[in-house]
Amino acid sequence: MMSRLFSQLNEKAALCGFVKSPEFKAREPRGARRTFSTPQRLRGEAQRRSRGFCEVANHRGFTLIEIMVVIIILGILAMYVAPKLMGRPEEAKQVRAKMDIAALETSLKLYKLDSGIYPGTEQGLLALVQRPESGVIPKKWRQGGYLEKGKVPKDPWGNDYIYLSPGLKGDFDIISYGADGVPGGENENKDITNWDID
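Residues numbered from 1 in each chain as written. Predicted model: local features only at pLDDT ≥ 70, side-chain atom pairs only at ≥ 80, totals over all residues. Heavy atoms only, no water.

1. As for a nonpolar patch on the surface
Piece 1. On the surface, Phe62, Leu64, Ile67, Met68, Ile71, Ile72, Ile76, Met79, Tyr80 and Val81 cluster together to form a nonpolar patch covering roughly 1,100 Å² of accessible area.
Piece 2. Looking at the element boundaries, isoleucine 72 is found in helix H3 (residues 64-86). (Patch = residues over 30% accessible without salt bridge, like charges linked within 9 Å, V, L, I, M, F, W, Y side chains within 5 Å. Areas by Shrake-Rupley, 256 points an atom, 1.4 Å probe, with all protein chains shown as cover. Salt bridge = Lys/Arg side-chain N within 4 Å of Asp/Glu carboxyl O. Helix = DSSP H or I, 4+ residues; strand = E, 2+ residues; numbered from the N terminus.)

2. Describing the nonpolar core
Piece 1. Within the largest apolar cluster, 19 residues are counted, with the highest numbers of intra-cluster contacts made by Leu104, Leu108, Leu125, Leu128, Tyr161, Tyr163 and Ile174.
Piece 2. Broken down by element, the residue count for this core peaks at five residues, all from helix H4 (residues 89-115).
Piece 3. Apart from the residues lying within four places of it in its own chain, the contact partners of leucine 108 are Tyr118, Pro119, Leu125, Leu128, Tyr163, Phe172 and Ile174. (Core = buried A, V, L, I, M, F, W, Y, C linked by side-chain atoms within 4.5 Å. Buried < 20%, exposed > 50% of the residue type's maximum accessible area, 1.4 Å probe, protein only. Contact = heavy atoms within 4.5 Å.)

3. As for the layout of surface pockets
Piece 1. Taken as a whole, the largest pocket holds about 350 Å³ of empty space.
Piece 2. Taken together, 13 residues form the lining of the largest pocket, with Ala103, Leu147, Glu148, Lys149 and Pro153 sitting closest to its centre.
Piece 3. Of the residues belonging to the lining of the largest pocket, the class tally is six nonpolar, two polar and five charged. (1 Å grid on protein atoms, 1.4 Å probe; cavity = no way out; pocket = protein on both sides within 12 Å on 5 of 7 lines; lining within 4 Å. Points joined across faces, edges and corners; volume = space filled by probe spheres on them. Nonpolar A, V, L, I, M, F, W, Y, C, P; charged D, E, K, R; others polar.)

4. Observations concerning H4
Piece 1. The terminal C-alpha atoms of H4 lie 39 Å apart, and with 27 residues this matches the ideal 39 Å at 1.5 Å per residue to within 8%.
Piece 2. Along H4, the residues classified as buried are Gln94, Ala97, Asp100, Ile101, Leu104, Glu105, Ser107, Leu108, Tyr111 and Ser115.
Piece 3. Looking at the buried residues of H4, the elements they touch are strand E1 (162-164), strand E2 (173-176) and strand E3 (192-193). (Expected span 1.5 Å × (residues − 1).)

Given below as structure tokens:
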């Protein structure tokens with residue numbers, strides 16, 4: 001009975017494509033107790049096991065070549081990106097400040113579209129997240145404000161952006177004084193302004 005069961009398992013496994021080599025044989029585990037069962041029960045058990053073999057055969061994983069290609073691509077990306085960010089953290093902060101200023105400019109233009117004017121210097125950038133209560137109060141103010149996170153960002157060095165309206169160089173000026181937090185300077189202390197951004 002048991003030998004017939006194992007021969008059926010071998011046939012089912014071969015049909016599923018699970019077994020490619022002729023040497024494969026389902027073996028009875030060592031120390032297994034032989035129990036005598038009815039032929040119907042043995043046939044049902046063989047069918048359940050063969051379904052399990054088919055399911056395993058149909059699920060494919062990644063091949064070693066695919067995994068190696070992904071690792072090589074990640075290595076190349078890390079080789080180019082990491083030195084640029086790790087070796088120049090101050091330059092990365094300047095880039096982030098320029099991006100923040102560009103986003104603030106866009107929000108100020110949306111504010112003007114709704115209200116007809118830019119917020120005044122005394123209202124500041126806070127007018128983008130809270131409806132102004134002093135100065136020229138806008139007739140229409142967008143519910144929820146004009147900045148995605150609902151708060152005015154600080155520059156990468158932890159200082160507030162300077163906002164002037166009317167500005168010295170245009171309708172408004174947005175300035176970050178760089179790492180030292182004071183006007184002027186060079187390299188990491190260089191001022192970043194909205195009129196210098198391309």
